[in-house]
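Next come the chains, spelled out residue by residue.
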Amino acid sequence: MLKSLAKQSGAALRVLLVFTVLLGVAYPLGVWAFSRVPGLEHQAEGSLIERHDTVVGSSLIGINPTFDGPPTRDPWFHTRPSASADTPLGQGDPATSGGSNLSAFNPEQVTLVRERRQLIAEREGVAPSTVPADAVTASGSGVDPDISPAYARLQTDRVARNNGLGDAQVRALVAKYTSGDGIGVPSVNVLELNLAVRATAAG
Amino acid sequence: MSDLAAGLVQAAILLAALALVYRPFGDYLARVFTSERDWKIERGLYRLFRVNPESEQRWSTYAVSILAFSFVSIVLLYLLQRLQSVLPWNFGRGAIEPGMAFNTAISFVTNTNWQSYSGEVAMGHFVQMAGLTVQNFLSAAVGLAVAVVLVRGFVRRRTDRLGNFWVDLTRGTIRVLLPISVVAALVLVAFGVVQSLRSGVTVANPDGTSSTIPLAPAASQEAIKQLGTNGGGIFNANSAHPFENPNSWTNLIEIFLLLVIPVSMTRAFGTMVGNRKQGYTLLSVMAALWGAMLAVAWWAETHPNGPAALLAGASLEGKEQRFGIGQSVLFATSTTGTSTGAVNSMHDSYSGLGGGVPLLNMLLGEVTPGGVGAGLYGILVLAIIAMFLAGLMVGRTPEYLGKKLGRREVTCAAIAMLAMPTVVLLGTGAALLVPGEVASALSNTGPHGLSEVLYAYASAGNNNGSAFAGLTVTSDWFQSSLGIAMLLGRFIPIIAVLCLAGSLAAQRKVPETAGTLPTASPLFGALLAGTVVLVAALTFIPALALGPIAEALA
């Protein structure tokens, strides 16, 4: 038995080392090398968006914009709450992804939802009951790039006003950046929308 | 498209795709493990391994090979983590501390992929690729090998030879897992999954702040993570992270990948035993339970329960906007019904009943349809138990697929079946008794807190790896006890199943008589489904009543 174990362990080690080279080095690096071809490299490197030679974000990663002035003057569309943020509607840190893992019975979660609902209603100048569910719940990743069309519509007035744009203009932009990938839930990409709003406002 | 419609469309495409590949892929799997011919690359590998592919092993030697292989795998993975600070591509990440390295090494070698670390924070690219990705392949190939040995036990007569572990491991890897992973990884990249060797990129946000977005070789690991029903994500948020699962298409592809081998293995089984209806019966039991679980979870999540969800208006905490509820519960049901454990939404934030479904899915013993290989041998063990129960009712020695189920066979099956509940209940009970452990680990209290602890041991004992992630599991107690739970939950059933295969293969085939219960029939399907549910119900109802059931009724 012991002799068999020793013999098998020797084979085991050789098998493991060979497979480590094949599956742990050649395979991932091979996929990496193949993904350098045009048409794949952009996605492989994070679907980054550049403006004037500066990387301004990834179209897949939602980072909530911050604004120091009074909330009603805020010019940005906002993402969903992130569990990695310090405040109920604060900016999350994409370096650490994850959800809150709070249950719906957790008093902390009840307080958070109530606070978010209140803050958003005040920011948008609407009744708290009109704030949609995705706006007051933290996403699973903490970097959800999307919001619901309802939450985008709720923010349209304020964003139009604070960027000196017409309501119809901003609504058209929201429609342009709403996608459901053909088979998915319609979602609005916040970063792309904010960049488009700013570009339109700058003329 | 509404959330409901998108979910239904995705489920429909998923089922159609699985139906399409079921026959050809199932038959291919059967050929992989019955073919006499080695591929050229395999012959080269056997020379490097210095093993003789012609020499077949007894069940006990086969078991020793698996244990030896798993042991050296755990040691190497442990060392890679401990030595991370001197390995390339660590981007400043230091050594993983011993408790976490121990837990993670066992976790990936046992196909659990429970993660007590935060991916993007703790693990550099080298450990991810050379350590974790490798075990994503090999642990799945071990599961396949064990399942194939059990099937050989039914097929072969009067022999003590059951195949060669190194050959089965190599074929599963080279002919099944690797080629599909290469294609899947590239398709995932095309749809937006990252495959980068950079540590990350600093971005100048439009509002004037700046952030660092981590990057990683994610696509190559994502493909095998799903295909091998592993589940350990490169990023902490796992498949909820947009870099691992950016849209509905990738979500669909990932669910397909994690289901395709467990589902098709029933066809491979039918093909190998020479009666495909036997495979369809097993598949219908798996599919019926999967469908029932999906329906309950979907209903529960679309009917908010708990004050915070009612206040928010929908159960969207921990779910991604692009997936909504439908695509989240589809993923959750499939990932816990197989032993994958990847998540695209945070199960801890599900409602009482909605979170109870993933938990129950694991407690059924991972047979809806179960992990790669593990699902097939799991359901075959339960089929033997079902035949045993039926035999007791009529007072006749039970048979299955022409083999008598005597004392030795039933004992092996019972050990394989009881290992998981023992580990889960003793582990949960012990964790609750250790002073101070649970109080400092829980993020939620009351029934939900109990669910978090039960979920952790159910996940470890079943080698699933998903989590009610609010539980902080970095204390020495949790790292070590969950590590041991994963080991026992994996290797006790494996050894019992190999022993079972050995004693089945030694028998001659008994002819079918009028007294034989036909096992390719709806009657047997119902008996089997009843056994699966009954065993789990008898074992776990007290624990479930105090956790998810209490919460759902609150």
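Residues numbered from 1 in each chain as written. Chains lettered and ligands numbered in written order. Predicted model: local features only at pLDDT ≥ 70, side-chain atom pairs only at ≥ 80, totals over all residues. Heavy atoms only, no water.

**Q** So what exactly am I meant to see when it comes to the interface of chain B and chain A here?
**A** Think of interface size as the accessible area that goes away when the parts come together; that is how it is often given. With 107 residues of chain B at the contact, the number on the chain A side is 90 residues. In this assembly, chain B packs against chain A so that about 7,800 Å² is buried in total across both faces, 67% of it on carbon and sulfur atoms. Counting the surface chain B buries against chain A, the share from its top three residues, B:Pro206, B:Glu317 and B:Gln321, is 10%. There are two salt bridges connecting chain B and chain A. B:Arg198 is the salt-bridge partner of A:Glu45, the closest N and O atoms lying 3.0 Å from each other. Where chain B packs against chain A, one counts 37 residue pairs in polar contact (both at pLDDT 80 or more). Residues of the side of chain B that touches chain A, tallied by class, amount to 60 nonpolar, 35 polar and 12 charged. (Contact = heavy atoms within 4.5 Å. Buried area = accessible area lost by both parts, 1.4 Å probe. Salt bridge = Lys/Arg side-chain N within 4 Å of Asp/Glu carboxyl O. Polar contact = N/O pair within 3.5 Å; in protein donor to acceptor, adjacent residues only side chain to side chain. Nonpolar A, V, L, I, M, F, W, Y, C, P; charged D, E, K, R; others polar.)

**Q** Whenever I open this one, a positive patch on the surface confuses me. Can you help?
**A** All names here are of chain B. Taken together, the side chains of Arg37, Lys40, Arg43 and Arg47 define a basic patch exposed on the protein surface. Turning to its location among the elements, Arg43 is positioned in helix 2 (residues 40–49). Taking the relative accessible area as the measure of exposure, Arg43 reaches 39% and is therefore partly exposed. (Patch = residues over 30% accessible without salt bridge, like charges linked within 9 Å, V, L, I, M, F, W, Y side chains within 5 Å. Areas by Shrake-Rupley, 256 points an atom, 1.4 Å probe, with all protein chains shown as cover. Lys, Arg positive; Asp, Glu negative; His and termini not counted. Charge placed at Lys NZ, Arg CZ, Asp CG, Glu CD. Helix = DSSP H or I, 4+ residues; strand = E, 2+ residues; numbered from the N terminus. Buried < 20%, exposed > 50% of the residue type's maximum accessible area, 1.4 Å probe, protein only.)

**Q** Just to check I follow, could you spell out the state of the cysteines for this structure?
**A** Each disulfide is one covalent bond, formed between the sulfur atoms of two cysteines. Residues and elements named next belong to chain B. A complete count under the given rule lists zero disulfides over all chains for this structure. No disulfide involves Cys412; its sulfur sits 3.1 Å from that of Cys499, the nearest cysteine. For Cys499, a relative accessible area of 13% corresponds to the buried category. (Disulfide = S-S within 2.5 Å.)

**Q** I would appreciate a short explanation of the nonpolar core in the present structure.
**A** A general tendency of soluble globular proteins is for nonpolar side chains to be buried together. Counting 150 residues, the largest nonpolar core has B:Phe69, B:Leu169, B:Ile261, B:Tyr400 and B:Leu528 as its most contacted members. The element contributing the most residues to this core is helix 6 (residues 125–155) of chain B, with 15 residues. Each of domain 1 (2–43) and domain 2 (47–202) of chain A contributes no fewer than three residues to this core. With 43 residues, the next largest nonpolar core counts B:Ala105, B:Val109, B:Trp114 and B:Leu363 among its residues. (Core = buried A, V, L, I, M, F, W, Y, C linked by side-chain atoms within 4.5 Å. Domains from an automatic or database assignment.)

**Q** Help me understand the environment of B:Asn90, please; the structure alone is not making it clear to me.
**A** All names here are of chain B. On the secondary structure map, Asn90 appears in the loop between helix 3 (59–82) and helix 4 (98–109). The class of Asn90 is buried, set by a relative accessible area of 13%. Considered as a pair, Asn90 and Val127 are 37 residues apart in the sequence and their alpha carbons are 8.0 Å apart. Contacts of Asn90, omitting those with residues within four sequence positions, involve Gln84, Ser85 and Gly124. From its side chain, Asn90 meets the backbone oxygen of Gln84 in a polar contact 3.0 Å long.

**Q** Is there a simple way to think about helix 1 (residues 3–34) of chain B in this case?
**A** Because an α-helix packs 3.6 residues into every turn, residues spaced three or four apart end up facing the same way. End to end, helix 1 of chain B covers 45 Å across 32 residues, agreeing with the expected 46 Å (1.5 Å per residue, within 8%). A bend of about 50 degrees at B:Tyr22 is the largest found in helix 1 of chain B, and the proline B:Pro24 appears one to four places after it. (Expected span 1.5 Å × (residues − 1). Bend = angle between axes of the 7 residues up to and from the residue.)

**Q** Is there a simple way to explain the pairing of strand 1 (residues 200–204) of chain B in this structure?
**A** Walk down a regular strand and you will see the side chains alternate between the two sheet faces. Residues and elements named next belong to chain B. Burial of the side chains of strand 1 is restricted to one face: Val201 and Val203 are buried, whereas none of Gly200, Thr202 and Ala204 on the reverse face is. By the bridge criterion, five bridges tie strand 1 to strand 2 (residues 210–214) in an arrangement that is antiparallel. Within the sheet, the bridge partner assigned to Ala204 lies in strand 2 and is Ser210. (Pairing = 2+ DSSP bridges.)

**Q** Is there a simple way to explain the packing of helix 9 (residues 248–273) of chain B against helix 12 (residues 326–337) of chain B in this structure?
**A** Two packed helices can be described by the angle between their axes and the distance between those axes. All names here are of chain B. The interhelical angle for the contact between helix 9 and helix 12, taken along N-to-C directions, is 20 degrees, at an axis separation of 10 Å. Looking at the two axes, helix 9 sits roughly parallel to helix 12. Both helix 9 and helix 12 take part in a crossing whose hand is left-handed. Along its contact with helix 9, which presents Ser248, Asn251, Glu254, Ile255, Leu258 and Leu259, the element helix 12 presents Gln327, Leu330, Phe331, Ser334 and Thr335. Here the contact of helix 9 with helix 12 is built from residues that sort into five nonpolar, five polar and one charged. (Axes fitted to C-alpha atoms, helices over the stretch in contact; angles between N-to-C directions. Parallel < 35°, antiparallel > 145°, perpendicular 65-115°, else oblique. Left-handed = near helix turned anticlockwise from the far one by under 90°.)

**Q** What should I look at first to understand the packing of aromatic side chains in this one?
**A** Where two aromatic rings form a pair, the distance of their centres and the angle of their planes describe that pair. Following the criterion strictly, the structure yields 14 aromatic pairs over all chains and no others. Ring centres 5.6 Å apart and planes at 55 degrees place the aromatic pair A:Phe19 and B:Phe49 in the tilted group. Here B:Phe49 lies in helix 2 and A:Phe19 lies in helix 1 (residues 2–34), a pairing that spans two chains. For the pair shown, A:Phe19 and B:Phe49 are each scored as buried. Following the ring pairs from residue to residue traces out a cluster consisting of B:Tyr62, B:Phe69, B:Phe165 and B:Trp166. Looking at B:Lys319, its charged tip hangs above the ring of B:Tyr350, at a distance of 4.3 Å from the centre. (Phe/Tyr/Trp six-rings, centres within 6.5 Å; stacked < 30°, edge-to-face > 60°. Lys NZ or Arg CZ within 6 Å of the ring centre and 35° of its normal.)

Treat this as a map of the structure, not an account of what it does.
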